[in-house]
Amino acid sequence: MSQSGVDVSPECVSTFNELKLNKKIKFIIFKLTDDYKEIVVEEASENGDWDYFREKLLNAESKSKNGKVGKGPRYAVYDFNYDLASGEGTRSKITFIAWSPDDAGIQPKMVYASSKDALKRSLNGLATEFQANDTDDIEYQSVLAKVSKGLA
Amino acid sequence: MASSQPLTSSVQPTDVYGGDEVSAIILDPGYSSVRAGFAGEDAPKSFISSYYGFHNDRQIFGDDDTHNPLPGMEIRNPMSKDGVVEDWDVAKSLWHYSITSRLVPMKQTDPRTNGLNDDTKDMDVEMEGTEEEEKPLEEHPLLMTETAWNPSKNREKSIEIAMEEWGCPAFWLQRNSVLAAFAAGKATALVVDVGATITSVVCIHDGLILKKSIQKSPLAGNWVSSQIRALWNTSEPKIDLIPHFMIAAKTPVDAGAPAQATYQKFENITDSFRTREEERVLTEFKESVVQVWPGPGRLSSPNPAGTTNVDYVKAQPGRVFEFPNGANQMWNVERMNVVEGLWDEKAAIPIPGEPAVTKGQTIPEMIKASVNAVDMDLRAALLQNVVVTGGTTLINGFTDRLNQELLNMYPGTRIKINAAGLTTERRFGSWIGGSILGSLGTFHQMWISKKEYEEFGAGVVEKRCK
């Protein structure tokens with residue numbers, strides 16, 4: 001359980017396992033339900049285009065407590081593939097991303113941050129993870145450098 | 001009673017909001033102030049000073065009465081300079097006051113025993129009625145914040161008070177640095193908290209404090225005040241720090257001219273009272289005049305023009321500060337000198353009778369020590385997630401300088417500082433974090449219930465609140 005008491009729906013784990021084993025799904029975006037009770041799958045996509053994925057995160061929304069819609073945090077898992085600079089082939093790393101834009105409301109930011117470990121712990125087989133808070137953090141090049149530890 | 005309904009209609013949890021109404025109370029005690037309020041609200045409704053008056057064996061709380069120049073009244077504080085409770089009896093009463101004065105109405109007490117109708121001659125008639133002590137929080141779960149270094153004895157004491165004396169149905173303790181990190185949207189962060197008596201740097205990974213990374217130093221808000229005192233004491237002519245309450249009347253004077261004021265005389269004003277009133281003037285000075293040299297480099301560093309930054313600042317317009325007695329003068333590079341010691345131990349103004357500032361107490365060195373204490377692989381992530389909180393960080397230029405110092409120490413590393421733009425979010429960061437957490441419907445299952453407490457005792461807090 002997370003520090004906020006928020007639960008992870010079983011669908012999160014099954015979708016993640018599908019990504020891990022079948023390799024068809026390229027990314028999953030998870031969200032908290034509007035009542036902040038449970039983490040659910042928002043989208044599982046076979047489109048491996050990074051910019052398409054990035055747009056999804058940038059356009060994510062959350063409702064604040066007085067019902068206003070603003071930018072929203074999300075969790076995501078991306079099956080990240082890259083070629084080693086040394087020419088020794090392709091690597092694939094299942095990457096966990098905690099996306100929490102700095103200009104999102106304080107309430108969604110708080111709930112997402114305090115619920116993150118619950119989701120992370122129920123997904124077995126993550127190769128790497130990072131926290132992203134502004135558009136630069138999810139530029140392809142900066143992610144590539146982070147995930148490959150500079151070896152791409 | 002209308003006031004026993006704690007949430008106003010505008011913040012009443014709705015289905016959109018997701019919070020079930022639990023009307024939990026969030027209590028965030030610090031050295032200079034106690035913040036208390038209802039979960040789900042944006043800011044603490046009750047904000048009172050931690051300083052209390054001690055007069056004729058009586059404790060006086062709150063911001064009105066403790067500023068009243070009563071003859072012989074001492075000003076004291078139940079917290080240690082480390083931000084942990086020292087005097088439990090007073091701390092308990094102070095927190096009780098912070099909650100009952102603004103949030104929970106005092107229950108009506110029996111007029112025969114509440115002392116209000118006591119006639120001095122039959123004082124000792126019936127005292128057993130007071131046995132049934134008031135339990136003000138019987139309907140309110142209590143979420144308290146604590147410092148990262150709060151000893152386990154103190155943690156157990158907190159739950160004891162909440163459960164036994166206040167009758168809380170449920171209790172939770174949460175580290176304030178973790179709350180500040182979460183409120184910034186980060187489960188992993190390096191939290192720099194500059195408060196009144198203590199500056200701390202703490203690394204947090206996935207919502208857990210890395211114990212080895214905890215760094216503390218007394219170079220915080222009150223230390224800056226003592227630097228200003230030292231500056232004024234050594235000024236030519238020496239500046240007399242006369243607090244507001246002593247001024248009867250004043251007439252405007254030119255800058256630098258002696259004050260034209262008449263003073264009020266008071267009998268038997270204690271030093272501690274005077275010091276605290278002086279502190280208010282110093283606070284005003286800190287808020288309106290003091291500025292951190294924003295960088296690049298340090299205040300003493302050379303600049304491209306071939307001089308030092310000091311010369312550059314001297315050529316810039318200063319800021320005027322008017323003392324309570326009407327005397328006023330321009331402050332130029334001095335307004336930066338008083339905070340330079342936070343970054344550069346050599347720049348600290350020596351205070352007679354106090355040990356010199358060491359390098360390890362400065363903010364950059366604390367961050368370095370903290371980061372060096374954690375795993376290599378984590379360091380980059382921490383430096384990208386520096387969260388700045390605490391009232392003293394609101395001094396102009398603070399975050400710019402912090403950024404400069406970090407870039408200097410870690411060239412080539414991506415540094416990102418997160419400092420809430422809203423003043424309230426910076427001052428009440430951990431309270432607000434607690435407020436959101438405590439209002440979550442799902443947080444229900446986290447609370448330590450009264451039943452659990454009865455079953456396992458106070459030690460349960462160590463097991464549950466990591």
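Just so you know, these numbers come straight off a predicted model, no measurement behind them.

1. Focus: the overall build of chain A
A count of helical and extended segments in chain A gives 4 helices and 8 strands. Scanning chain A from its N terminus toward the C terminus, one meets helices and strands in the order β-α-β-β-α-β-β-β-β-α-β-α. The globule rule puts the C-alpha radius of gyration for 152 residues at 15 Å, and the 15 Å found for chain A is close to it. For chain A, the spread of C-alpha atoms along the three principal axes comes to 55 × 30 × 25 Å. The buried share of chain A, reckoned over its 152 residues, is 50%.

2. Some remarks on the interface of chain A and chain B
Contact with chain A, which involves 33 residues of that partner, is made by 35 residues of chain B. With both chains or domains summed, chain A and chain B bury close to 2800 Å², and 52% of this area falls on carbon and sulfur atoms. The three residues of chain A that bury the most area against chain B are Gln3(A), Lys65(A) and Met110(A), which together make up 26% of that side's buried surface. Summed over the shared surface of chain A and chain B, the result is 6 salt bridges. Here chain A is connected to chain B by 15 residue pairs in polar contact (both at pLDDT 80 or more). Contributing elements (two or more residues each) for the side of chain A that touches chain B: α3 (106-122) and β8 (128-132) of chain A. For the side of chain A that touches chain B, the class distribution of residues is 7 nonpolar, 11 polar and 15 charged.

3. Focus: the packing of helix α3 (residues 176-183) of chain B against helix α12 (residues 429-439) of chain B
Residue and element names in this part refer to chain B. For the pair α3 and α12, interaxial distance at closest approach is 8 Å and the crossing angle is 75°. Considering the angle they form, α3 stands roughly perpendicular to α12. Counting all contacts with α3, which are made through Asn 176, Leu 179, Ala 180 and Ala 183, the residues of α12 involved are Gly 429, Ser 430, Gly 433, Gly 434 and Leu 437. In terms of residue class, the contact of α3 with α12 is built from 4 nonpolar, 5 polar and no charged.

4. Some thoughts on the sheet that holds strand β1 (residues 7-8) of chain A
Residue and element names in this part refer to chain A. One open sheet holds the 6 strands; their spatial order is β1-β3-β2-β6-β7-β8, and the pairing between them is mixed. One side of each edge strand has no neighbouring strand; the edge strands of this open sheet are β1 and β8. Contacts from helix α1 (residues 10-22) reach β1, β2 (27-32), β3 (38-45), β6 (74-83) and β7 (90-99), with the element oriented near 30° to β3. Running over the sheet, α3 touches β1, β2, β3, β6, β7 and β8 and is turned about 55° from β6.

5. A closer look at the state of the cysteines
All names here are of chain B. A complete count under the given rule lists 0 disulfides over all chains for this structure. Not engaged in a disulfide, the cysteine Cys 168 finds its nearest cysteine sulfur in Cys 465; these two sulfurs lie 13 Å apart. Among the residues examined, Cys 168 registers a relative accessible area of 0% and is labelled buried.

6. Some remarks on the packing of α3(A) against α12(B)
The geometry of α3(A) relative to α12(B) is characterised by a closest axis approach of 10 Å and an angle of 75° between their N-to-C directions. One element, α3(A), and the other, α12(B), form an angle in the roughly perpendicular class. Along its contact with α3(A), which presents Ile106(A), Gln107(A), Met110(A), Val111(A) and Ser114(A), the element α12(B) presents Ile432(B), Gly433(B), Ile436(B) and Leu437(B). Grouping the amino acids of the contact of α3(A) with α12(B) by side-chain chemistry returns 6 nonpolar, 3 polar and no charged.

7. Some remarks on the side chain of Asn418(B)
Its location among the elements puts Asn418(B) in strand β18 (residues 417-419). There is a polar contact of 3.2 Å between the side chain of Asn418(B) and the side chain of Asp102(A). Beyond its immediate stretch of four places on either side in the chain, Asn418(B) contacts Asp102(A), Ala184(B), Lys186(B), Val386(B), Val387(B) and Val388(B).

8. What to know about the sheet that holds strand β19 (residues 448-449) of chain B
Residues and elements named next belong to chain B. Strand order in the open sheet made by the 6 strands is β3-β2-β1-β7-β8-β19, with mixed pairing throughout. If you trace the sheet from one side to the other, it starts and ends with β3 (46-49) and β19, each paired once. Sheet topology note: the strand β2 (residues 33-38)/β3 ladder contains 4 bridges and is antiparallel. Within the sheet, the bridge partner assigned to Ser 33 lies in β3 and is Ser 49. Seen against the sheet, α3 touches β7 (142-146) and β8 (170-175) and runs at an angle of roughly 80° to β8.

9. What to know about the nonpolar core
Counting residues in hydrophobic clusters, the biggest one holds 102 residues, and the most contacted among them are Phe30(A), Trp95(B), Ile99(B) and Leu142(B). The contact partners of Leu142(B), leaving out residues within four places of it in the chain, are Ile25(B), Leu27(B), Ile99(B), Leu137(B), Ala162(B), Trp166(B), Cys168(B), Ala170(B), Phe171(B), Trp172(B) and Trp447(B). By size, the runner-up hydrophobic cluster in this structure holds 50 residues, among which are Leu231(B), Val339(B), Val371(B) and Val374(B).

10. Some thoughts on unusual backbone geometry
The linkage connecting Glu236(B) with the following residue, Pro237(B), adopts the cis geometry, with an omega of -10°. Here Pro237(B) is to be found in the loop between α4 (221-233) and β13 (247-251). Geometrically, the link from Gly295(B) to Pro296(B) is a cis peptide bond, its omega value of 0° lying close to zero. Along the chain, the position of Pro296(B) falls in the loop between α5 (271-288) and α6 (309-314). Despite not being glycine, Lys23(A) shows a phi value in the positive range, around 60°. Assignment of secondary structure puts Lys23(A) in the loop between α1 and β2. Classification of Lys23(A) as partly exposed rests on a relative accessible area of 38%. Look at Asn268(B): it is not a glycine, yet its phi comes out positive at around 55°. As for its placement among the helices and strands, Asn268(B) is situated in the loop between β14 (260-263) and α5. Residue classification places Asn268(B) among the exposed residues on the basis of a relative accessible area of 54%.

11. Describing helix α10 (residues 398-409) of chain B
Counting along an α-helix, one turn takes 3.6 residues, and residues three or four places apart therefore face a common direction. Residues and elements named next belong to chain B. Compared with the 16 Å implied by 1.5 Å per residue over 12 residues, the 17 Å span of α10 between its first and last C-alpha is a close match. Regarding α10, the residues found buried are Phe 398, Arg 401, Leu 402, Glu 405, Leu 406 and Met 409. Projection of α10 onto a plane perpendicular to its axis shows the buried side chains occupying an angular sector of 135°, all on one side.

12. A short note on the pairing of strand β10 (residues 199-205) of chain B
Residues and elements named next belong to chain B. Most of β10 sits inside the fold, with 6 of its 7 residues counted as buried. Bridging between strand β9 (residues 189-194) and β10 involves 6 bridges; their strand directions are antiparallel. Along β10, the bridge assignment pairs Val 194 with Thr 199. Counting the residues in the hairpin turn of β9 and β10 gives 4 residues. In this sheet, strand β11 (residues 208-209) lies alongside β10 in antiparallel orientation, the contact comprising 2 bridges. Its bridge partner being in β11, Ile 204 is matched across the sheet by Ile 209. Remark: 2 residues form the turn of the hairpin made by β10 and β11, two consecutive strands paired antiparallel; Asp 206 in that turn has positive phi of roughly 50°.

Calculation criteria
Residues numbered from 1 in each chain as written. Chains lettered and ligands numbered in written order. Predicted model: local features only at pLDDT ≥ 70, side-chain atom pairs only at ≥ 80, totals over all residues. Heavy atoms only, no water. Helix = DSSP H or I, 4+ residues; strand = E, 2+ residues; numbered from the N terminus. Rg over C-alpha atoms; globule rule 2.2 N^0.38 Å. Buried < 20%, exposed > 50% of the residue type's maximum accessible area, 1.4 Å probe, protein only. Contact = heavy atoms within 4.5 Å. Buried area = accessible area lost by both parts, 1.4 Å probe. Salt bridge = Lys/Arg side-chain N within 4 Å of Asp/Glu carboxyl O. Polar contact = N/O pair within 3.5 Å; in protein donor to acceptor, adjacent residues only side chain to side chain. Nonpolar A, V, L, I, M, F, W, Y, C, P; charged D, E, K, R; others polar. Axes fitted to C-alpha atoms, helices over the stretch in contact; angles between N-to-C directions. Parallel < 35°, antiparallel > 145°, perpendicular 65-115°, else oblique. Pairing = 2+ DSSP bridges. Disulfide = S-S within 2.5 Å. Core = buried A, V, L, I, M, F, W, Y, C linked by side-chain atoms within 4.5 Å. Expected span 1.5 Å × (residues − 1). Arc of directions from axis to C-beta.

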